[in-house]
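Each chain is listed here by its residues.
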Amino acid sequence: MASKNSLMSWIDRRLPVTENLERHLTKHPVPSKVNFFYLFGALLMVVFMIQVITGIWLMMFYTNTEEGAFASVEYIMRDVEYGWLMRYMHSTGASAFFFLMYFHMFRGLLYGSYQKPKELVWLFGCFLLFLLMAEGFLGYVLPWGQMSYWAANVILSLFGAIPFIGESLQVWIQGDYVLSGATLSRFFALHVVVVPLLMIALVVFHIFALHEVGAGNPEGVDIEKYRDKTGMPLDGKPFHPYKTFGALPAIGIFFIVFFAIVYYAPTGGGYFIEKPNFEEANFLKTPEHIAPVWYYAPFYSILRAVTFGIPFLGITSKFLGFIIFAASIAILFIVPWLDRSKVQSIRYKGIFSKIAMIMFATSFITLGYLGTKPVNEIRTLIAQICTIFYFLPFILMPIYTKYEKTLEVPDRL
Amino acid sequence: MQGKKAKHIHISEGMSLYTRDRSPFYWGYINIDGEVFKKSLKTDDKDEAIKLLTLWKDEILVEGKKVLAQKINVSAKKTLISNTKPIPKEKVNTTRRKALQITSSVVGAVTVAGFAVPFLSAWQPSERAKALGASVKYDLSKLEPGAMAVVEWRRTPIFIVHQTSEAIKNLPSLNQKVANPALEEGVSRTTNDKFSVVKGVCTHLSCAPKYHPEIEPKAWDEDWKGGFFCPCHGSKFDLAGRVYKNVPAPTNLEVPPHSFEGDTLIIGEA
Ligand code: HEM
Ligand code: FES
């Protein structure tokens, strides 16, 4: 005991370990009553770790060249001991990452977790969503299967649709006049180094910003108001052991589900890894139907729903689609400034906020379903309606949150 | 109150051991910046006492850290106040300081920009990629009327269609149905009215349109006169690669630069 203390104090005088552990972990106050929606952040950290570790192991066997990539993934699957496990954990991890991310964000929308003073926490989160989307896209190209190739083609040609600079921008990103090995190897570097590093930095900012202003709760009650003599909020509990042990069962359940998928349904019926991706990329043969993996489907649907341009402005339908698609993610960034409500949580907000949430969730899921299906006239029409319903809750938010009747928020949790 | 004289043992600066008359133990004395701490160390072993004394000092330091930090703050403020006498103006050459700031920012920005050039340029197509983009030849005499050949140029599939006379006859009748009839290019959109040469890349999102030359009702068009259908999002093009109205693809299939030399088609050189 004595020697441990002296070692700790020796270190503490040179590096404030104890102080920061107490600040961010052991003594950090968290609201005493939260619900399962508040577990997703911890699970996201777990998945991030799974991705980094399995990713590093995949990298030991993967070849980042046009000639070698596909074969090296097959080699990982067939010849490397437990290679299949590494790869399926990584690809299932990508799906889990998005699944958790969407719930984590929906929690934010439901309980107004983005409201003052947590705007930065939300902003860093939005950047993380953006980076994760980029990361997943870059990663999906790496196995160099048919779907890797053609889905990437669809996305890269979106850059080509930007007026004036589009074509040279696309060539610059690709490093060739077409999507080729040059593209593959730069995507590899971005996927394994650049984007993960940025993501780690943003996770740190996300957490530090959160700990500066304090975590929220489903009631939207400000727990900082009442404190006991030691400074601990009356409705707060120290992070450790309450939250740490509280999250353990959730992590356990998550692992059970995760490994059940890894073992029994690693391709998720074609939604996690698509069938054409078990065939090597072929420049001259487009798959009959190019569909994104499920987690991009809602946004892909929005992209496809735009079948018209603005001819007199010289905007083609393709470019307009790109703009609306980008806007569907960009609009999330400004939500903290769209919400004018006096209360945080949906529990105390008015009827319009509730309708808006249902509208948003339904259209998001419908768009997701449509995004995985081939287009026809009816589906395009539904996707167009859903696109409008996706945006309306946000566009009208400054109005309905300001004028609707809200309930009185209690003082204590 | 008599006894043997109390013994002082100096350990290090501000730290010493001493003994007291009626106590069998060693006592510790610590002085941190004038603040004095004393207590019995509850041991009569000197080495043990020295060890405990050191630990105790560490404890005091850690616990007193916040208090100390505050003190330092206070004393810093005091110094500030006592130093309010302004530095004589002449001593600071603000013009020179500003000039230095500006030049160093400019030099810094130029350096960053200079370093960015090679890194960004490295992403341009390499010499090898450029060489692979050179032109290719195709012998047209092998291609039957109504047939289509796919040739790879810059890794893009190039569709070469040998138009039948019926197709040629039909093309003008489609001028109403297509978004941009491109009449100035000629019916087959080439300098040669038997062969059409287009990039097999849908102008919507780069899928490869499928060749459907048959003139018969299709799922996507009751009145199909032959052409290309893109399975990805349903764009329709006629046999000369002209895009139909009201489909996702915004423009006609691109015509790559090409020229004819007798029976030889050269793709990549106009
Ligand atoms: C942070 C979130 C990450 C996500 C969402 C993600 C996503 C993906 C996806 C979807 C694939 C394609 C899976 C497949 O079809 O096989 C992939 C492949 C790959 N990833 Fe990641 N990844 C992440 C992090 C990382 C990290 C940190 C590394 C390395 C340090 C890494 C290394 C690799 C490698 C080497 C491959 C190619 C091997 C293969 O395709 O099986 N990834 N990634
Ligand atoms: S890519 Fe051909 S219709 Fe979309």
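Please read all numbers here as calculations on a predicted model, not as lab measurements.

Novice: Give me the lowdown on the packing of aromatic side chains, citing residues and values where you can.
Specialist: Residues and elements named next belong to chain A. Evaluation of the coordinates by the stated rule reveals 45 aromatic pairs over all chains. Centroid distance F98 to Y102: 6.0 Å. Interplanar angle 50°. Geometry classified as tilted. You can see F98 and its partner Y102 sitting in helix 5 (residues 83-110), four residues apart, about one turn around the helix. With respect to burial, F98 and Y102 carry one shared label: buried. Note on F360 and F394: the rings are 5.3 Å apart at their centroids and 70° apart in plane angle, and the pair reads as edge-to-face. Remark: F394 occurs in helix 15 (residues 377-395) and F360 occurs in helix 14 (residues 351-371); sequence separation between them is 34 residues. The same class applies to F360 and to F394, which are both buried.

Novice: How would you explain the site of ligand 1 if you had to name every residue and give the values?
Specialist: Residues and elements named next belong to chain A. In the vicinity of ligand 1, 24 residues are found, and the nearest of them are R87, H90, E135, G139 and H191. Side-chain polar atom of R87 to an oxygen atom of ligand 1: 2.6 Å apart, as the coordinates give it. Side-chain polar atom of H191 to a nitrogen atom of ligand 1: 2.7 Å apart, as the coordinates give it. Across the shell around ligand 1, the residue classes break down as 16 nonpolar, six polar and two charged.

Novice: Can you explain a negative patch on the surface? Please cite residues and give values.
Specialist: The grouping of D44(B), D45(B), D47(B) and E48(B) at the surface amounts to a negative patch. Mapped onto the elements, D47(B) comes out in helix 1 (residues 46-63).

Novice: Could you give me a rundown of the environment of F124(A), with the residues and numbers involved?
Specialist: Residues and elements named next belong to chain A. As for its position among the elements, F124 is in helix 6 (residues 119-141). In the structure, F124 is positioned 81 residues away from F205 in sequence and 7.1 Å away in space, judged by C-alpha atoms. Residues contacting F124, with those up to four places away along its chain left out, are L202, F205, H206 and A209.

Novice: Give me the pattern of salt bridges: which residues, what numbers.
Specialist: Going through the model one piece at a time under the given rule, you end up with 17 salt bridges over all chains. For E22(A), the salt bridge goes to K27(A), with nearest N and O atoms at 3.3 Å. The partner of E219(A) in a salt bridge is R347(A), and the shortest N-O contact between them spans 2.6 Å. Of this pair, E219(A) sits in the loop between helix 9 (181-213) and strand 2 (236-238) while R347(A) sits in the loop between helix 13 (335-338) and helix 14; the two residues are 128 residues apart in sequence, bridging distant segments of the chain. Residue R347(A) is classed as partly exposed on the basis of its relative accessible area, which comes to 36%. Among the ionic contacts, a cluster of salt bridges with common partners joins K177(B), D223(B) and K225(B).

Novice: Go over a nonpolar patch on the surface with me, naming the residues and quoting the values.
Specialist: All names here are of chain A. A surface patch of nonpolar side chains, about 710 Å² in accessible area, is lined by V193, V194, L197, L198, I200, V204, F205 and F208. In this fold, I200 is placed in helix 9. Relative accessible area serves as the criterion here: at 42%, I200 is assigned to the partly exposed category.

Novice: I'd like a description of the UniProt feature "binding site: heme b b562" (unreviewed entry) in chain A, backed by residues and values.
Specialist: Residues and elements named next belong to chain A. Here, the residues flagged by UniProt with the feature "binding site: heme b b562" (unreviewed entry) are H90 and H191. These residues run over 102 residues, yet every pair of their C-alpha atoms falls within 12.9 Å of each other. Residue position: H90 is located in helix 5. The class for H90 is buried, based on a relative accessible area of 17%. Apart from the residues within four sequence positions on either side, H90 is in contact with Q51, T54, G55, L58 and H191. If you trace the backbone, H191 turns up in helix 9.

Novice: Could you give an account of the interface of chain A and chain B, with specific residues and numbers?
Specialist: When the parts come together, some accessible area is lost, and that loss is often what is quoted as the size of the interface. Listed by partner, the interface residues are 34 residues for chain A and 30 residues for chain B. In total, about 3000 Å² of surface goes out of reach between chain A and chain B, with carbon and sulfur atoms giving 62% of it. In terms of surface lost to chain B, no three residues of chain A exceed W172(A), Y177(A) and L284(A), which account for 22% of the buried area on that side. For the pair chain A and chain B, the number of links is one salt bridge. Here D58(B) and R13(A) are joined by a salt bridge, their closest N and O atoms 2.8 Å apart. Across the contact surface, chain A and chain B share six residue pairs in polar contact (both at pLDDT 80 or more). Counting only elements with at least two residues in the side of chain A that touches chain B, the list comes to helix 1 (2-14), helix 7 (146-160), helix 8 (166-174), helix 9, helix 11 (297-305) and helix 12 (317-333) of chain A. Its residues placed into classes, the side of chain A that touches chain B shows 16 nonpolar, nine polar and nine charged.

Each value, and the rule that gives it
Residues numbered from 1 in each chain as written. Chains lettered and ligands numbered in written order. Predicted model: local features only at pLDDT ≥ 70, side-chain atom pairs only at ≥ 80, totals over all residues. Heavy atoms only, no water. Phe/Tyr/Trp six-rings, centres within 6.5 Å; stacked < 30°, edge-to-face > 60°. Helix = DSSP H or I, 4+ residues; strand = E, 2+ residues; numbered from the N terminus. Buried < 20%, exposed > 50% of the residue type's maximum accessible area, 1.4 Å probe, protein only. Near = heavy atom within 4 Å. Polar contact = N/O pair within 3.5 Å; in protein donor to acceptor, adjacent residues only side chain to side chain. Nonpolar A, V, L, I, M, F, W, Y, C, P; charged D, E, K, R; others polar. Patch = residues over 30% accessible without salt bridge, like charges linked within 9 Å, V, L, I, M, F, W, Y side chains within 5 Å. Areas by Shrake-Rupley, 256 points an atom, 1.4 Å probe, with all protein chains shown as cover. Salt bridge = Lys/Arg side-chain N within 4 Å of Asp/Glu carboxyl O. Lys, Arg positive; Asp, Glu negative; His and termini not counted. Charge placed at Lys NZ, Arg CZ, Asp CG, Glu CD. Contact = heavy atoms within 4.5 Å. UniProt positions renumbered as here; feature names shortened; annotations may be inferred. Buried area = accessible area lost by both parts, 1.4 Å probe.

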